[in-house]
Amino acid sequence: MTSAQLKNLVEAALLALNSPLTVTELLAMFEDGPDKPDRRAVRKALDELQRDCAGRGVELKEVASGFRYQVRTELADRINRLFQDRPQRYSQALLETLAIIAYRQPVTRGEIEDIRGVSLSAGIVRTLFEREWIKVVGHRDVPGHPELLATTSGFLDYFNLKALEELPSLGEIKDLSQIEPDLFEQTGPVSDAGGAPAAQDAEQTPVAFEDDNVIPLQRS
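Draft legend 1. Looking closely at the packing of helix α5 (residues 92–104) against helix α7 (residues 122–130). Relative orientation of the contacting elements α5 and α7 amounts to 65 degrees, with a least axis distance of 10 Å. Crossing handedness for the pair α5 and α7: right-handed. Residue-level inspection shows Ala93, Leu94, Thr97, Leu98 and Ile101 of α5 in contact with α7, the latter providing Ile124, Thr127 and Leu128.

Written out as C-alpha cells, the structure reads:
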C-alpha cells in the first residue's frame, strides 16, 4: 500500500465513524502481514491530513479519545443555527461543580460542598454522570469512604482537549466558561467558602449551554 492510499483510507475511516479514532484503532483495519502499515506510517498520514485542512472550514483534531474531523470552533456558532433543536440548559451550580471537579480532581462531594459553601444537589451529580463527564476513580481513606470524582475522556473530547494539561490555569480564568466561551452565557466565577452563597444550589436558574459547539463531521 502506498502512502497516498493509506492516507485516503485513514481519511475515509475518520469520516465514516461518529467517534474519534486512535492510531491503534486505525491499525485494526489491516490484517497482520508484510503489507500492514506501522504506527509511524499511520501517524504520518494523520499529520498530512491535518496539514491539508489548513485554511479550510474543517480541521482534523486530536482529542482525548483519538482523532476526529470537526467544524472549526470559530465557525461553529453559525453552523449551529442550522439545527432546529434548542440548546440544552444547565444551572450555574452544575457548571461550578464541573469546574471544581476538573481543577481539583480527584475530589469528594463533601469537598465540593466545602469549596462552594452550599449543599451539592444529587441531580447535578446525576446529570454529570449521565453526560459521562465524570466518573468514580476511588474512595477517600476516611470514615465513610466517600467516592472520589474525576473527569472522563468524554469531558475532554467535548471541550476539545487532548489532556487535562491543556486546561487554562486557575490564574487565567474565573470559571469553566472561559475554556470554550461560545458554549456559555451569563456564567459567573466559582463561589468560594469565603463568600456568601445561598444555602442550596439554585438549580431553578439555568444558563444557556450550547451542545455541539465543536461539531464533529457526521456520516450520512
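On we go from here.
Draft legend 2. Local environment of the pairing of strand β5 (residues 147–151). Along β5, 4 of the 5 residues are buried, which leaves the element largely enclosed by surrounding structure. Relative to β5, strand β4 (residues 134–139) runs antiparallel, the two being bridged by 5 bridges. Its bridge partner lying in β5, Ile134 is registered against Thr151.

Draft legend 3. Highlighting α7. Within α7 the residues assigned to the buried category are Gly123, Ile124, Val125 and Leu128. Looking at the buried side of α7, the elements it contacts are β3 (89–91), α5, α6 (109–116) and β4. Looking at where α7 begins, the residue whose side-chain oxygen comes 3.1 Å from the main-chain nitrogen of Gly123 is Ser121. Immediately downstream of α7, the backbone of Glu132 shows phi near 60 degrees, a positive value.

Draft legend 4. Fine view of the packing of aromatic side chains. What the rule picks out here adds up to 4 aromatic pairs. An angle of 70 degrees between the planes, with centres 5.3 Å apart, marks the rings of Tyr158 and Phe159 as edge-to-face. Judged by its relative accessible area of 14%, Tyr158 falls in the buried class. Aromatic rings pair up to connect Trp133, Phe155, Tyr158 and Phe159 into one cluster.

Analysis parameters
Residues numbered from 1 in each chain as written. Predicted model: local features only at pLDDT ≥ 70, side-chain atom pairs only at ≥ 80, totals over all residues. Heavy atoms only, no water. Axes fitted to C-alpha atoms, helices over the stretch in contact; angles between N-to-C directions. Helix = DSSP H or I, 4+ residues; strand = E, 2+ residues; numbered from the N terminus. Left-handed = near helix turned anticlockwise from the far one by under 90°. Contact = heavy atoms within 4.5 Å. Buried < 20%, exposed > 50% of the residue type's maximum accessible area, 1.4 Å probe, protein only. Pairing = 2+ DSSP bridges. Polar contact = N/O pair within 3.5 Å; in protein donor to acceptor, adjacent residues only side chain to side chain. Phe/Tyr/Trp six-rings, centres within 6.5 Å; stacked < 30°, edge-to-face > 60°.

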